[in-house]
Amino acid sequence: MANILVVDDEMGIRELLSEILGDEGHVVQLAENAQQAREARIESRPDLVLLDIWMPDTDGVTLLKEWQRDGVLTMPVIMMSGHATIDTAVEATRIGALNFLEKPIALQKLLKAVQQGLTRSAEPARPATPGLRAVPNEVLIATNPGFAAAPASYESRHFAPIQNAAPTTANNHISNLSFDLPLREARDAFERIYFEYHLHREGGSMTRVAEKTGLERTHLYRKLKQLGVESMKYAKRGE
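In this text, all values refer to a predicted model and were calculated from it rather than measured experimentally.

(A) Structural detail: the overall build of the protein. Broken down by element type, the protein carries 11 helices and 5 strands. Of all 239 residues assigned to the protein, the portion counted as buried reaches 46%. A separation of at least 24 residues holds for 66% of the contacts in the protein among residues at least 6 apart in sequence. For the protein, the computed accessible surface area is about 12800 Å², with 51% contributed by carbon and sulfur atoms.

(B) Quick peek at the confidence of the model for the protein. Of all residues in the protein, 74% attain a pLDDT of 70 or more, and the chain-wide mean is 78. When the criterion is pLDDT under 50, residues 127–169 qualifies, and its contacts beyond four places in sequence or with other chains add up to 71 contacts.

(C) Highlighting the packing of aromatic side chains. Overall, the coordinates contain 2 aromatic pairs when judged by the stated rule. Judged by centre distance (5.2 Å) and plane angle (80°), the ring pair of Y194 and F195 falls under edge-to-face. Take Y194: its relative accessible area is 29%, and that puts it in the partly exposed class. F195 sits in the buried class, given a relative accessible area of 3%. Through pairs of rings, three or more aromatic residues link up here, namely F190, Y194 and F195.

(D) Molecular detail of helix α2 (residues 34–44). By the burial criterion, the buried members of α2 are A34, A37, A40 and R41. Buried residues of α2, seen end-on, are gathered within an arc of 115° and therefore sit on one face of the element. Turned more than 90 degrees off the buried face of α2, the exposed positions are I42 and E43. Its buried side turned inward, α2 meets β1 (3–7), β2 (27–31) and α3 (60–69). Measuring from the backbone nitrogen of Q35 back to the side-chain oxygen at the start of α2 gives 3.2 Å, which picks out N33 as the cap.

(E) Expanded view of unusual backbone geometry. The step from K103 to P104 runs through a cis peptide bond, and the omega angle for that step is -5°. Its location among the elements puts P104 in the loop between β5 (99–102) and α5 (107–121). Residue R45 is not a glycine yet carries a positive backbone phi of 45°. On the secondary structure map, R45 appears in the loop between α2 and β3 (48–52).

(F) Seen up close, the nonpolar core. By size, the foremost hydrophobic cluster in this structure holds 24 residues, and its most contacted members are V7, V49, L51, L64, W67, V77 and M79. Contributions of two or more residues to this core are made by β1, α2, β3, α3, β4 (77–81) and α4 (86–95). Sort the elements by how many residues they give to this core and α3 lands first, with 4 residues. Excluding residues within four positions of it along the chain, V77 makes contact with V49, L51, L64, W67, A97, L98 and N99.

(G) Structural view of the side chain of D52. Here D52 lies in strand β3. Note on D52: relative accessible area 3%, which makes it buried. Side chain to side chain, D52 and K103 meet in a polar contact 3.2 Å long. In contact with D52, not counting residues within four places along its chain, are V7, D8, D9, G60, M80, S81 and K103.

Criteria and cut-off values
Residues numbered from 1 in each chain as written. Predicted model: local features only at pLDDT ≥ 70, side-chain atom pairs only at ≥ 80, totals over all residues. Heavy atoms only, no water. Helix = DSSP H or I, 4+ residues; strand = E, 2+ residues; numbered from the N terminus. Buried < 20%, exposed > 50% of the residue type's maximum accessible area, 1.4 Å probe, protein only. Contact = heavy atoms within 4.5 Å. Areas by Shrake-Rupley, 256 points an atom, 1.4 Å probe, with all protein chains shown as cover. pLDDT = per-residue confidence, 0-100. Phe/Tyr/Trp six-rings, centres within 6.5 Å; stacked < 30°, edge-to-face > 60°. Arc of directions from axis to C-beta. Polar contact = N/O pair within 3.5 Å; in protein donor to acceptor, adjacent residues only side chain to side chain. Core = buried A, V, L, I, M, F, W, Y, C linked by side-chain atoms within 4.5 Å.

Shown next, in the form of structure tokens:
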């Protein structure tokens, strides 16, 4: 279990990352701007920081430079952005960022980056040397359009697809889940089947699915996107 600080001005992103990392057993602290991030870094001394680049007051790269300049960049920092260029990503890693994730962030990329960061946090901190810091491979693929997409064979490897199945067969597909998977992957597989079942049953109506699952619609959309479930496949013709 680690103490992770998430800094992002979008409430939906903060809540989503908090939920995912909380499910992994981490303690998550949230900040919506640079000032809150400064205070949180002093008060809670996070083991890892997920830092958004574009924020309204002080951008993430400027905050990273500030921490590096003041000698307080003692924890791994993973930068996040949906608009940054490869040059921005390279600059951030040269300043001292460990990694760069492009939004929308793929679940497995996020968990892998966090694990790498927490492993790195156990190593002695060394100040970054501009121009000499290696750029991680993740930065070079961050601008790949397929970055956030799950492998096409993922579903077929782990569970039977049910998009064309009747809702009454959902239990049969659940029984096909592999219990040899890591907990997070098994949970994702179950949730995918769960939402596909309700989408099929409700004819693709997001309103009814939200009511049935007890989720607010915005969170439901984020959840489906995270799991790679395409709601339009289940919409009834003519609706």
